[in-house]
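Chain by chain, the residues run as shown.
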Amino acid sequence: MTAAASPPEVLRAPLVVEFPFTRSLGPVQSAFLTGLRERVVLGVTTSDGRVMVPPVEYDPVTADEIRDLVEVSATGTVTTWAWNGDPRPQQPLATPFAWVLVRLDGADTAILHALDAPDPESVSTGMRVRIRWAADRVGAITDIACFEPADTPAAPQAPPRVSPQAVPHDGVFADAVTGIVAEARLDYTYSPGRAQTAYINALSERRTVGERCPSCHKVYVPPRGACPTCGVATTDRVEVGPAGTVTTYCIVNIKARNLDIEVPYVYAHIALDGADLALHGRIGGIPYDQVRMGLRVEPVWTEGGRHPDHYRPTGEPDADYDVYKELI
Amino acid sequence: MARTSRHARDVAVVAFAQSDHRRDTDELSEVEMVMPVLHRVLARTGLKAGEIGFTCSGSSDYLAGRAFSFTMTLDGVGAWPPISESHVEMDGAWALYEAWVKIQTGEADTALVYAYGKSSPGSVRDVMTRQLDPYYLAPLWPDSVALAALQARALIDAGETDERALAAIGARSRTSAETNPHAQLRGPVPQGEYQVAPLRTGDCPPVSDGAAAVILAAGDVARGLCERPAWITGIDHRIEAHGLGLRDLTDSVSTRLAAEQAGVFEGTVDTAELHAPFSSQEVVLRKALRLGDEVDVNPSGGALAAHPVMAAGLIRIGEAAARIHRGESDRAVAHATSGPCLQQNLVAVLEGDRT
């Protein structure tokens, strides 16, 4: 059956990507983040005597390794700022705040953070600010809850440290933090595009459709909208299957977590009738050691399933090797 | 005759094509969006996909929200049987640089460079925070507009611009885009509310889906494919420190250095296509590239009129080249950027043969 591809009803679904990367800290970053936990701000001194806060491990100009730690003040000066009237969910403060670059007293470079201020009129370049420490500190940049104007009274539990000059520090703390978990979550709305929308919609009717290349006439399933050989759009929709031929297979002996399938089982490439590309699928309804190349199979759907649960033998004679050898 | 070259081979942009950039393209997968652009750029040269010596693309998994997303567009270049192919997780301008190097080595005479970005599936402001240093910056989620706003404030404090001048840059860009049928925003657009002050909506790039493609060719092959090739007489890219607080945000040392290495200052420039997603960044780039008022800056409308992330830099090279193809420019500078506050910058000089 061939039909011209019709305008799609676009499918959409939420797609959440979360990635908790575990990252190691070198000696400099370990000292800096452990220091924050202890309410001590450390920087490094470059060979030309500049103090970098936050500290880097290599001089950005000479690329020399730098390890000489110094302690600087928790008070500093705003070097530039921007008013964030509509904070985004994962940012440091939920109320409108200023992003600031702050040069802490004793440092020659600036650190980026949030400044808790009531309105943009109360923020200016050159204003004096100090660190507001987070109540729970774990050895992370967020141990600095934010900055606050330095002319407001300090919270009693967090007296500002006074070290107007950078003073040498050995960077040694009990129970140093050696790694961080960099958590991140990004939210997307995924749309699969025209070709794959048609494929997914057909599956909901327990049909499998591919698309034919107008140039080489091969039928691709699932269709992605383009012929990888000719580099042209595949336009004609073609229903394939339901039966097909096992072109090659493997026996799975390792049970995957959260997968309710007894091992061993067979995972196969299946060339559906009329398709020029094999799909993947599990083979059931036959002992695993009797599955073979050329076996004729058909899909088995389960109630509510959005794709075939597995494929089982049709009982037909095996397909001749020459018929499917191009599709292995 | 091409200019005296500092490189082993004369390489030119011989064709350019781009999509119509749009706020969203839900109905299209990546390959469905890219393929028509590939077909158009090939048609301009008469080359078939299989005749291209090297293919290189630029895109980002973080925009797509999935790993190895570039493989999905390979179907569009006819990647079977196997072709010589590469990918950069960067703007396509850097894919072009890789292709240019490949041609310089003599391993290819032609290259197809393409790039694409669909920003619409996610929140591009949040997505871009993931390119920041994971120890000191990324946990705070400072978004791309916030970081650009810090740079804009630094420029205003330094007396190099003001909010009115920034608004004029956005307005000029969108007016220029009136003659660019591919641009997303054309003509007057309200300057809008503060996104992150001092930047208003009109100072920020639109969120765009789009794609672009360029064909490079060497020497006589280029002359055979294009009436007036846009010779790349210089190209260079530089990066500077990751920490924003280490840099002077009112200057772009890396752009200036790349421009010197690319030979920008060895002649006069009539056109500049600058990848300045934020109005304030044009101020920095004009200074670094020493562009006077006589230079036509972003006649295409630039990134303030359309900003398909990962393709916008390649489009600057393509737009500059297309002006040379049409005889509207003799010597153009094209610029691409990546990273927060112009952290990485690529500069190319494009020249047409003069009769």
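Everything here concerns the structure above.
Residues numbered from 1 in each chain as written. Chains lettered and ligands numbered in written order. Predicted model: local features only at pLDDT ≥ 70, side-chain atom pairs only at ≥ 80, totals over all residues. Heavy atoms only, no water.

(A) Molecular detail of the packing of helix H7 (residues 163-176) of chain B against helix H10 (residues 279-288) of chain B. Residues and elements named next belong to chain B. The N-to-C vectors of H7 and H10 enclose an angle of 95°; their axes lie 8 Å apart at closest approach. In terms of orientation, H7 and H10 fall into the roughly perpendicular class. Where H7 abuts H10, its residues Leu166, Ile169, Arg172 and Ser173 lie against Ser279, Ser280, Glu282, Val283 and Arg286. Class assignment of the residues belonging to the contact of H7 with H10 gives a composition of 3 nonpolar, 3 polar and 3 charged. (Axes fitted to C-alpha atoms, helices over the stretch in contact; angles between N-to-C directions. Helix = DSSP H or I, 4+ residues; strand = E, 2+ residues; numbered from the N terminus. Parallel < 35°, antiparallel > 145°, perpendicular 65-115°, else oblique. Contact = heavy atoms within 4.5 Å. Nonpolar A, V, L, I, M, F, W, Y, C, P; charged D, E, K, R; others polar.)

(B) Structural detail: the sheet that holds strand S4 (residues 41-45) of chain A. Residues and elements named next belong to chain A. Taken in spatial order, the 4 strands of this open sheet run S5-S4-S6-S12, and their pairing is antiparallel. Two strands close off the open sheet at either side, each with one partner strand: strand S5 (51-52) and strand S12 (167-168). Of the pairings in the sheet, the one linking strand S6 (residues 69-72) to S12 comprises 2 bridges and is antiparallel in character. Note on S12: the bridge partner recorded for Glu71 is Val167. Lying on the sheet, helix H1 (residues 27-37) is in contact with S4 and S6; it crosses S4 at an angle near 155°. (Pairing = 2+ DSSP bridges.)

(C) Inspection of the packing of aromatic side chains at higher detail. Applying the stated rule across the entire model yields 7 aromatic pairs over all chains. Aromatic pair Tyr321 of chain A and Tyr324 of chain A: ring centres 5.6 Å apart, planes at 85°, arrangement edge-to-face. Pair noted here: Tyr321 of chain A and Tyr324 of chain A are both in helix H3 (residues 321-324), with a separation of 3 residues, about one helical turn. Using a relative accessible area of 44% as the deciding quantity, one classes Tyr321 of chain A as partly exposed. Residue class for Tyr324 of chain A comes out buried when judged on its relative accessible area of 5%. Every member of this aromatic cluster is reached through a ring pair, and the members are Phe19 and Phe21 of chain A together with Tyr62 of chain B. The ring of Trp141 of chain B has Arg130 of chain B sitting right over it, with the charged end atom 3.6 Å from the ring centre. Over the ring of Tyr194 of chain B we find Arg200 of chain B; its NZ or CZ atom is 4.0 Å from the centre of that ring. (Phe/Tyr/Trp six-rings, centres within 6.5 Å; stacked < 30°, edge-to-face > 60°. Buried < 20%, exposed > 50% of the residue type's maximum accessible area, 1.4 Å probe, protein only. Lys NZ or Arg CZ within 6 Å of the ring centre and 35° of its normal.)

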